[in-house]
Amino acid sequence: MKARRSAISRDTHETRISIRLNLDGKGQSRIRTGVPFFDHMLTLFAKHAVVDLQLQCDGDLEVDAHHTVEDCGIALGQAFATALGDKRGIRRYGFGFHPKNPFTGEAYVPMDECLARCVVDFGGRPHLAWRGLDKFSQKKITAAEKNQDASSAFRFGLAREFFQAFANEARCNLHLELLYGDEPHHIVEALFKAFARAVDAARRHDSRIAGELPSTTGKL
């Protein structure tokens, strides 16, 4: 089976990003974005999606963390699109797991008091559905680190920017929903873990359709 790997570089006036991705990895990662909470989210994403990910970003954190987070989503989406190639033989739809019924087609991930859901389709049509989450958009999850300006703190709304950028560049339908929860840190962590589990399911090869495109249109 052909190795599904990619290497992406993205340089702008706001960020410089380099990514190496192996879709058939072991969940190993080396992440450095300058935003510790975001590093934590990308590390757990790689772990639970079971992909190997190296990502380094030098961004204008003296302005805000926004450019860093959004541009990493853009570059990571591009890395997935490249590594997936023509998508022949993949399951395409990802729904991770359900604690009660593994056939429901939904990925529910709990994190303490909250429960999040994610479904992904690498079908070539970019769209982000973001439900039950807007009321948290201005919440700060972390303060700035020492020796950094206060603008480098991670706001809840940055999570949406990341997922929107990923969906656009990976050309996927990405549906994220909060069923319930109160603590912004827990909610974002549950979202990233649900995202990881859904991606893990969707990027896998299905032996029943080896070499075939999972679409009736003939193109993804």
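Check the entry above for the structure.
On a predicted model such as this, the values are computed, not experimentally measured, just so you know.

### Some thoughts on the environment of G89
Point 1. Mapped onto the elements of the fold, G89 is located in the loop between α2 (66–84) and β5 (93–94).
Point 2. Judged by relative accessible area, G89 falls into the buried class, the value being 0%.
Point 3. Taking C-alpha positions, G89 is 8.2 Å from R208, a pair spaced 119 residues apart along the chain.
Point 4. G89 has contacts with R204, H205, D206, I209, G211, E212 and P214, leaving out every residue within four places of it along the chain.

### Examining the environment of C57
Point 1. Within the element layout of this structure, C57 appears in strand β4 (residues 52–59).
Point 2. Of the residues examined, C57 reaches a relative accessible area of 1% and is grouped as buried.
Point 3. For C57 and R32, which are 25 residues apart along the polypeptide, the C-alpha to C-alpha distance reads 6.2 Å.
Point 4. When near neighbours in sequence (up to four residues on either side) are disregarded, C57 contacts T15, R16, I17, R32, T33, T68 and C72.

### What about the sheet that holds strand β2 (residues 15–22)?
Point 1. If you walk across this open sheet you meet the four strands as β1-β2-β4-β3, and the pairing is mixed. For this open sheet the edge positions go to β1 (5–11) and β3 (29–32), each flanked by a neighbour on one side alone. When strand polarity is set aside, the average angle formed by the axes of neighbouring strands in this sheet is 5 degrees.
Point 2. Alignment of β2 against β4, held across eight bridges, turns out to be antiparallel. Paired with N22 across the two strands is D52, which belongs to β4.
Point 3. Along the sheet, helix α1 (residues 36–49) contacts β3 and β4; its crossing angle with β3, the most-contacted strand, is approximately 160 degrees.
Point 4. Packed onto the sheet, α2 meets β1, β2 and β4 and runs at close to 35 degrees relative to β2.

### Notes on the side chain of D39
Point 1. Position of D39 among the secondary structure elements: in helix α1.
Point 2. Although D39 lies buried, it forms no salt bridge, and the closest oppositely charged side chain, R32, sits 7.2 Å away as judged by the N-O distance.
Point 3. In terms of polar contacts, D39 uses its side chain to reach the side chain of T33, at 2.5 Å.
Point 4. If we ignore the near neighbours within four places in the chain, the residues touching D39 are I31, R32, T33 and G34.

### A few points about the state of the cysteines
Point 1. Under the defined criterion, the tally for this structure stands at zero disulfides.
Point 2. Free cysteine C72: the closest other cysteine sulfur is in C57, separated by 4.0 Å.
Point 3. C72 sits in the buried class, given a relative accessible area of 0%.

### Points about the nonpolar core
Point 1. In this structure, I19, F45, F80, F122, F163, L174 and F192 are the most contacted members of the largest nonpolar core, which totals 66 residues.
Point 2. The leading source of residues in this core is helix α4 (residues 184–202), at eleven residues.
Point 3. The contacts of L174, once residues within four sequence positions are left out, are C118, V119, V120, H127, L128, A129, F163, A167 and F195.

### Comments concerning the packing of helix α3 (residues 157–170) against α4
Point 1. Two elements in contact, α3 and α4, have axes separated by 11 Å at closest approach and are oriented at 15 degrees. Taken together, the axis directions place α3 and α4 in an arrangement best described as roughly parallel. Here α3 runs over α4; the crossing is left-handed. Of the residues in α4, those touching α3 at A159, F162, F163 and F166 are V188, L191, F192 and F195.

About the cut-offs
- Residues numbered from 1 in each chain as written.
- Predicted model: local features only at pLDDT ≥ 70, side-chain atom pairs only at ≥ 80, totals over all residues.
- Heavy atoms only, no water.
- Helix = DSSP H or I, 4+ residues; strand = E, 2+ residues; numbered from the N terminus.
- Buried < 20%, exposed > 50% of the residue type's maximum accessible area, 1.4 Å probe, protein only.
- Contact = heavy atoms within 4.5 Å.
- Pairing = 2+ DSSP bridges.
- Axes fitted to C-alpha atoms, helices over the stretch in contact; angles between N-to-C directions.
- Lys, Arg positive; Asp, Glu negative; His and termini not counted.
- Salt bridge = Lys/Arg side-chain N within 4 Å of Asp/Glu carboxyl O.
- Polar contact = N/O pair within 3.5 Å; in protein donor to acceptor, adjacent residues only side chain to side chain.
- Disulfide = S-S within 2.5 Å.
- Core = buried A, V, L, I, M, F, W, Y, C linked by side-chain atoms within 4.5 Å.
- Parallel < 35°, antiparallel > 145°, perpendicular 65-115°, else oblique.
- Left-handed = near helix turned anticlockwise from the far one by under 90°.

Everything listed here is a matter of coordinates, which is why it stays silent on function.
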